[in-house]
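Geometric and topological summary
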Amino acid sequence: MKESIKVLRETKRLLVESGWCKDKLAANKDGVSCSYLSDDAKLFCVAGAFRRVRFNLGIAMGSCFFGYGYDVFLKVFGMSVQDLIQFNDCQLNKDNVVKLIDSRIEELSKDI
């Protein structure tokens, strides 16, 4: 659980400090879609930021479902990656996304 909390905190930091986007995992400074691993990536959806943080920390995504690390998202966010992306993309700004991350950190902290 401690690893999940660390990743969530770093995901939140990346979204707040770099920037948030929707309808793509990551985008460059002009809003053009790019890989979440690219040096050009400056804006992230919650799933893209989560993946980028795990990659930067050298943490594997686990077993994959369409390449998304399905079980990892379920464990950390309590929802499938598809549901998480849909949640992200329905928001007008990052506020509710950050609140979701905070609530998951709080929930996972209870299990420590």
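Scroll up to find the structure this text is about.
A few points on the structure. (Residues numbered from 1 in each chain as written. Predicted model: local features only at pLDDT ≥ 70, side-chain atom pairs only at ≥ 80, totals over all residues. Heavy atoms only, no water.)

Counting 30 residues, the largest nonpolar core has Leu15, Phe77, Leu84 and Ile101 as its most contacted members. For this core, the secondary structure elements donating two or more residues are helix 1 (2–17), helix 2 (46–56), helix 3 (70–77), helix 4 (81–89) and helix 5 (95–109). Apart from the residues within four sequence positions on either side, Phe77 is in contact with Leu8, Val46, Phe50, Leu84, Leu100, Ile101 and Arg104. (Core = buried A, V, L, I, M, F, W, Y, C linked by side-chain atoms within 4.5 Å. Buried < 20%, exposed > 50% of the residue type's maximum accessible area, 1.4 Å probe, protein only. Helix = DSSP H or I, 4+ residues; strand = E, 2+ residues; numbered from the N terminus. Contact = heavy atoms within 4.5 Å.)

Further remarks concern the environment of Leu14. Structurally, the position occupied by Leu14 is in helix 1. C-alpha of Leu14 to C-alpha of Val46: the two residues are 32 residues apart in sequence and 9.4 Å apart in space. If sequence neighbours within four positions are ignored, Leu14 has contacts with Gly19, Phe44, Ala49, Arg52 and Val53.

Below, the discussion takes up the side chain of Ser4. Of note, Ser4 is situated in helix 1. Judged by relative accessible area, Ser4 falls into the buried class, the value being 5%. Residues contacting Ser4, with those up to four places away along its chain left out, are Lys75, Val76 and Leu108.

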